[in-house]
Amino acid sequence: MADTPNSVYFEDLSLGLEASTSNTVTADVISVFADVSGDHNPVHVDADYAAGTIFKERIAHGMLSAAYISAVFGMKLPGPGAIYISQTLAFKAPVKIGDEVVTTVKVAELVPEKKRARFDCVCTINGKPVVTGEAVLMVPSRPA
């Protein structure tokens, strides 16, 4: 694996180490995510339909927030070369157009013999969790 500015090797991880990103959800982001995922559920893409739901307006796909978690892993911590093993998700509140989603991942456990790390994951809006979960990743070792 080539060194990149954002790569963190397994040996460099420590309990409590964390990284975050911030993303603003727009109507265009929701539309593109619907196209990429194939999920055109009208609660996400049709304002008239969404107005008749408990949310009263369009909401983002839950998996969009999950994608923000994936982006932190792939680009920041551990960064390029990390491979997902598993991810749990609990959806706590809707994400709406205009919301700024702050995504944070934090090292919760290290398994040296397998070069795996367990992370706590949370997406928040104004400090309130909207998605929580945990992930296990395979993290590359520092080259010899």
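Calculation rules
Residues numbered from 1 in each chain as written. Predicted model: local features only at pLDDT ≥ 70, side-chain atom pairs only at ≥ 80, totals over all residues. Heavy atoms only, no water. Salt bridge = Lys/Arg side-chain N within 4 Å of Asp/Glu carboxyl O. Helix = DSSP H or I, 4+ residues; strand = E, 2+ residues; numbered from the N terminus. Buried < 20%, exposed > 50% of the residue type's maximum accessible area, 1.4 Å probe, protein only. Core = buried A, V, L, I, M, F, W, Y, C linked by side-chain atoms within 4.5 Å. Contact = heavy atoms within 4.5 Å. Patch = residues over 30% accessible without salt bridge, like charges linked within 9 Å, V, L, I, M, F, W, Y side chains within 5 Å. Areas by Shrake-Rupley, 256 points an atom, 1.4 Å probe, with all protein chains shown as cover. Phe/Tyr/Trp six-rings, centres within 6.5 Å; stacked < 30°, edge-to-face > 60°. Disulfide = S-S within 2.5 Å.

All right, on to the pattern of salt bridges then. Scanning the model with the defined rule gives 5 salt bridges in all. Across the salt bridge formed by Asp-12 and Arg-142, the nearest N and O atoms sit 2.3 Å from each other. Here Asp-12, found in the segment before β1 (18–24), pairs with Arg-142, found in the segment after β6 (128–138); they are 130 residues apart in sequence, far enough to count as distant. On the basis of relative accessibility, which here comes to 36%, the residue Asp-12 falls in the partly exposed class. Note on Arg-142: relative accessible area 44%, which makes it partly exposed. It is possible to trace a salt-bridge network through shared partners that takes in Glu-109, Arg-118, Asp-120 and Glu-134.

This part is about the nonpolar core. Ranked by size, the top nonpolar core spans 30 residues in total, and within it Leu-13, Val-25, Phe-73, Val-105 and Phe-119 carry the most contacts. Every residue in contact with Val-105, bar those within four places of it in the chain, is listed here: Leu-17, Glu-18, Ala-19, Ile-69, Val-72, Phe-73, Leu-77, Phe-119, Asp-120 and Cys-121.

Looking at the element boundaries, Thr-103 is found in strand β4 (residues 100–111). Residues contacting Thr-103, with those up to four places away along its chain left out, are Ala-19, Ser-20, Thr-21, Tyr-68, Ile-69, Val-72, Val-122 and Cys-123.

Time to look at a nonpolar patch on the surface. Together, Ile-83, Ile-85 and Met-138 line one region of the surface with nonpolar side chains, adding up to about 240 Å² of accessible area. Relative to the helices and strands, Ile-85 is located in strand β2 (residues 83–87). Since its relative accessible area comes to 39%, Ile-85 is described here as partly exposed.

So, about the packing of aromatic side chains. Within the structure shown, the criterion is met by 2 aromatic pairs. Arranged with centres 5.6 Å apart and planes meeting at 90°, the rings of Phe-73 and Tyr-84 form a pair that is edge-to-face. Of the two residues, Phe-73 is situated in helix α4 (residues 62–75) and Tyr-84 in strand β2; the sequence distance between them amounts to 11 residues. Taking the centre distance of 4.9 Å and the plane angle of 65° together, the rings of Phe-73 and Phe-119 count as edge-to-face.

Along the chain, Leu-77 connects to Pro-78 via a cis peptide bond; the corresponding omega equals 0°. Structurally, Pro-78 is set in the loop between α4 and β2. Backbone geometry places Lys-115, a non-glycine residue, at a positive phi of 55°. Tracing the backbone shows Lys-115 in the loop between β4 and β5 (116–125). In this structure Lys-115 comes out as partly exposed when scored by relative accessible area, which is 29%.

Right, let's get into the environment of Gly-79. Note that Gly-79 resides in the loop between α4 and β2. With relative accessibility at 0%, the residue Gly-79 sits in the buried group. Sequence-wise, Gly-79 and Leu-89 are 10 residues apart; in three dimensions their C-alpha atoms are separated by 21 Å.

What follows deals with the state of the cysteines. All chains considered together, the criterion is met by 0 disulfides. As a non-bridged cysteine, Cys-121 has Cys-123 as the owner of its nearest cysteine sulfur, 8.0 Å distant. Residue classification places Cys-121 among the buried residues on the basis of a relative accessible area of 4%.

Time to look at the environment of Gly-74. Mapped onto the elements of the fold, Gly-74 is located in helix α4. The class for Gly-74 is partly exposed, based on a relative accessible area of 27%.

As far as function goes, none of this settles anything; it's purely spatial.
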